[in-house]
Every structure is written in structure tokens, then in C-alpha cells.
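So the chains spell out like this:
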Amino acid sequence: MRVFMLLAAMAVPALMATTPAPRPRDAFKVTWLGHAAFEVVSPGGTDLLIDPYLTQDPATPAADKDLSRYHPAAILVTHSHGDHVGDTTALAKRTGAKVIAPSELMPLLGVPQGQFIGCNVGGRIQVGDVTIHVVPAMHGSTPGGRPVGYVLTFKDGRSLYHTGDTWIFGDMALIQELYHPEVLLLCVGGGPYTEDPATAALAVKKYFHPEAIVPMHYGTFPGLAKAEEVRKAFAGDKRLRMMQPGETLAF
Ligand SMILES: [Zn+2]
């Protein structure tokens, strides 16, 4: 018995030495600020805001409406509608952040010269350790060019796709082929403007293989899809991550 215990004690360090430690991932952090607004912080600390509709968004927590809390390196705007442009201009003036948006939006935003980085579909922009790819969205943006989505690629090769406002479209297959996003920030709001939860679920099923699906652009106003409808459309999909406005997840 004593010999057995001795052998068992010796086996533990041997086992620990041979079991490979899980490889640490370079986590990026995603905070949902309500509607289509997100703050993304890369593993290297690059802080990006996307569609910062904050002070007027009924879903944004009070603490996140305080613009003095933000220090982004860049603000990304998907299209000209008020629920996406939001507080972009005020934040740009306050922080000096770059503003990345379809080029035609420049005169509408009134962002200080030198801070505006115009873009269009197919474009690539480097901000800190994040490569930003501009992809299509099936929506409107009049006046102010065409609507876009953004794929953020991190140094470890993983990526996050913010769809902007969109309906399902076949070229999502190309976004998967080119960037294979691990995290989808997915428009599911339905109503009169965008794809509804069931169509968004179909888009994921047909075109993507993400690790996490974060629905957005729902529940903000009457007429948009409610949280129950989103849950129902993605029922059984363990990748669904329903965030609360103000919540942060690390991926
Ligand atoms: Zn919208």
C-alpha cells in the first residue's frame, strides 16, 4: 500500500509535465453599447468604436452615454443613418480619433480635416494592430455613398465581422472565404429595414462558421425584433451570445 501511494505521488508530476498547457489566445474584447454600437479592444490595446449611437439610444446604459469615457483610436461608421452615425462627430472632436466611413459621408459628418479616412468596398485600413477590411452590406445610405460592413482582423489571424445593416446576400460566402470570421456581430433587427432573426439565422447557416454569434440592432425601437424572437430563431445554436447593453465579452 505504501509503495502504491509512493508511485501515485511520483506519477502526478510526470503527468503534469507531459500534458500540454492550453495555448493562450490573444483575447480581444467586445462591449455592446446597444443597437449596432460596439467597442472593440484588440489584444494590442487598439480601441475601436463602431456605429456609436449612444446619447440618443434608449438601450444604451447611462454610464455608456457619457462620451468622456471613450478614447478610441478610430470610429468606424457603416452608413449615413442617424442610428449609426450617432455621436461620431462629437466623439471625433472630443478625442481626435480617426473616423473611418464611406468617402461620401465626409461632408455630412463635419469631422475635422485630417481625421477622416474615406473608404469603400474592398478597402483595407490598418489601425494599430488591427486590419480593417471594408465589405458590402445590402441596405441604403442616401445621402452619403453606399452602406458597408467591416471585418476586423487581429494579429493571431482571427477576425470579427460587423455586418452593418443588411439583408442576407450571396456575397457573404466571399466574406467567409476571405476572412472566415470567428465572431459575428449580426444584424437581426427585422421590421421595415433589415433582415429579421430567421433570415439572419439562415445567413449564418448558409455562409458562416463562427465560434460566436452576437445579435444586434434588435429591441431598440418598437417594430424591431424582440429578444425572444431572436432566441427562437437561433434555438439550439450554442454559439449564440445574447449580450446585454454595457456587457463586455472576451473572445
Ligand atoms: Zn440601422
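Right, let's walk through the structure included here. Every chain is numbered on its own, with residues counted from 1 as its sequence reads. Thresholds applied to this predicted model are a pLDDT of at least 70 for local features of residues and 80 or more for the giving and counting of side-chain atom pairs; totals over whole chains, interfaces and linings are not thresholded and use all residues. By convention in this description, side-chain values take in all heavy atoms of the structure and omit both hydrogens and water.

## Section: the coordination of the zinc ion
Spelled out, the test is: Only nitrogen, oxygen and sulfur atoms count as donors, using a 2.8 Å cut-off from the metal that widens to 3.2 Å for Na, K and Ca. Water is left out, so coordination shells may look unfilled. A four-donor site is classed as tetrahedral when every donor-metal-donor angle falls between 85 and 135 degrees; four donors are called square planar, and six octahedral, when trans pairs exceed 155 degrees and all remaining angles lie between 65 and 115, with any other arrangement labelled irregular. Strands here are runs of E lasting at least two residues and helices are runs of H or I lasting at least four, both read from the DSSP assignment and numbered beginning at the N terminus.
In the first shell of the zinc ion, the protein supplies Asp83 (OD), His84 (NE2), Asp165 (OD) and His217 (NE2), at 2.1 to 2.3 Å from the metal. Because the angles between the 4 donor atoms bound to the zinc ion fall within 91 to 172°, the donor set is best described as irregular. Of note, the zinc ion draws all its donor residues from one chain, in the sequence arrangement D-H-x80-D-x51-H. Here aspartate 83, found in helix 3 (residues 82-85), pairs with aspartate 165, found in the loop between strand 10 (159-162) and helix 6 (172-179); they are 82 residues apart in sequence, far enough to count as distant.

## Here's the deal with the packing of aromatic side chains
Threshold: Here a pair means two rings of Phe, Tyr or Trp (six-membered ring of Trp) with centres within 6.5 Å. Their orientation is stacked below 30 degrees between planes, edge-to-face above 60, and tilted elsewhere. Note on exposure labels: buried denotes an accessible area under 20% of the residue type's maximum, exposed denotes more than 50%, and partly exposed covers the range between, all computed with a 1.4 Å probe on protein chains only.
All chains considered together, the criterion is met by 6 aromatic pairs. Relative to phenylalanine 38, the ring of tryptophan 32 lies with its centre 6.4 Å away and its plane at 25°, an arrangement referred to as stacked. A relative accessible area of 0% places phenylalanine 38 in the buried class. Here the aromatic cluster, defined as three or more aromatic residues joined through ring pairs, consists of Phe28, Phe154 and Phe251.

## Some thoughts on helix 4 (residues 88-95)
For clarity, the cut-off: The directions from the helix axis to the C-beta atoms form the arc being described. Residue contacts are counted whenever heavy atoms from the two residues lie within 4.5 Å of one another.
Along helix 4, the residues classified as buried are Thr88, Thr89, Leu91 and Ala92. Along helix 4, the residues classed as buried sweep out an arc of 165° about the axis, all on the same side. The outward face of helix 4, more than 90 degrees from its buried face, is lined by the exposed residues Lys93 and Arg94. The inward-facing, buried residues of helix 4 contact strand 3 (47-50), strand 4 (74-76), helix 3, strand 5 (98-102) and helix 5 (106-109).

## Observations concerning helix 7 (residues 197-207)
Every buried residue belonging to helix 7 is among Pro197, Thr199, Ala200, Ala201, Ala203, Val204 and Tyr207, and all of these are buried. Of the surrounding secondary structure, the elements contacted by the buried residues of helix 7 are helix 6, strand 11 (183-187), strand 12 (212-216) and helix 8 (227-233).

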